[in-house]
Amino acid sequence: MDHQGEFRRAALESGIPDDEISRFCEHLRLSIGLSVGGGLPVVGRFGGLPRLTVGMQWPSAGDIPLPLLLSVDCGALPRVDGFDLPADGTLHFFVHQERDHEDGSGRYARVVYVPDGAETTIAEAPGPECVHEQLDVSAELRAELPLWLQEGDEDEGWHEFWEDLEWEDMSPFQQRLFRFMEHDLPHLAELRALAHGLWSSDAFAFIGGYADDGVISSIAEQTLAGREKAGEIPAIPVARWPSHLEEEQHRLTSEWISLAGEARGYEEYHTSFVIRHDDLAAARVDKALAVTDFRTP
């Protein structure tokens, strides 16, 4: 389905100029919400036992087997512009959330792709701790925007800067974003409302969309520090580090995408799997990074 075309037609009918719609659409992404029940076709499941390629061992980190979090049927998921999931086959997401949260190296998470046509068998779990209750899930679309373009009543985000900072207190990067929002998107509120009116979801897990901001922030810090250490960029003064980090995060949001993630607030632990666009397009799902956070009560 042509989601961009659907949105453009609706926005044009609302009287919004075509060039402004195009600028907004550059930042609009759709994610696939996964919900239990609802009477819609089943596209995957939480928990249960996976069907793995014959001869494949249950994923583990050394002698620590990784519990199965989620499995999705790529062929059953709705197709989304700019999100190059494999056309068929199954993605399995394994993670030992407690160890992944404590370790941070990524070794306690794994994404496994099983293509259609492969000879498979239902895997035998190494232990009961690897198998959660099986819950079938259905799919619905949700509109997503980067944090700096989200609604002003969120708990956190760039909008707080617009309210609390004077122009001269903003970094050059923040000023550029502010100019874009104010001058290039005069109908921003209407465009946001229209997008969320077309595609909204309160699902507790999502495939695709924007990578978790905390994950992107961590990648940005490592990337920027690595380029500085390698001499690829001049040494960044401490006072200018936050501004450079913001700009690097902004750049990385176009390079990385969420592969799968749990919505915050449902469980003590929630895991985000992120991947570069080009790795996903090439089905290199082993390149996905996972980060598990802990929600304090």
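Keep in mind that what you see is a predicted model, and the values were worked out from it rather than measured.

Draft legend 1. Main features of a nonpolar patch on the surface. A surface patch of nonpolar side chains, about 220 Å² in accessible area, is lined by Leu49, Ile122 and Val131. As for its position among the elements, Leu49 is in the loop between strand S2 (44–46) and strand S3 (51–53). Take Leu49: its relative accessible area is 33%, and that puts it in the partly exposed class.

Draft legend 2. Geometry of the pairing of strand S12 (residues 256–262). Burial of S12 is extensive: seven of the seven residues sit out of reach of the surface. Here two bridges tie strand S11 (residues 205–208) to S12, and the two strands are oriented antiparallel to one another. By the bridge assignment for S12, Ala205 is matched with Glu262. Pairing analysis gives five bridges linking S12 to strand S13 (residues 269–276), with the strands arranged antiparallel. Within S13, the residue paired with Trp256 across the bridge is Arg276.

Draft legend 3. Region of interest: the sheet that holds strand S14 (residues 289–294). Here ten strands make up an open sheet; going across it, the order is S8-S7-S6-S2-S10-S1-S11-S12-S13-S14 and the pairing antiparallel. If you trace the sheet from one side to the other, it starts and ends with strand S8 (109–114) and S14, each paired once. Recorded for the sheet is a direction-independent mean angle of 25° between the axes of neighbouring strands.

Draft legend 4. Up close: the environment of Leu145. With respect to the helices and strands, Leu145 occurs in the loop between strand S10 (135–144) and helix H4 (159–164). What makes Leu145 buried here is its relative accessible area of 6%. The sequence separation of Leu145 and Ser14 amounts to 131 residues, and the corresponding C-alpha distance is 20 Å. Those residues in contact with Leu145 that lie beyond four places of it in its chain are Phe24, His27, Leu28, Gln150, Arg192 and Tyr210.

Conventions and cut-offs
Residues numbered from 1 in each chain as written. Predicted model: local features only at pLDDT ≥ 70, side-chain atom pairs only at ≥ 80, totals over all residues. Heavy atoms only, no water. Patch = residues over 30% accessible without salt bridge, like charges linked within 9 Å, V, L, I, M, F, W, Y side chains within 5 Å. Areas by Shrake-Rupley, 256 points an atom, 1.4 Å probe, with all protein chains shown as cover. Salt bridge = Lys/Arg side-chain N within 4 Å of Asp/Glu carboxyl O. Helix = DSSP H or I, 4+ residues; strand = E, 2+ residues; numbered from the N terminus. Buried < 20%, exposed > 50% of the residue type's maximum accessible area, 1.4 Å probe, protein only. Pairing = 2+ DSSP bridges. Axes fitted to C-alpha atoms, helices over the stretch in contact; angles between N-to-C directions. Contact = heavy atoms within 4.5 Å.

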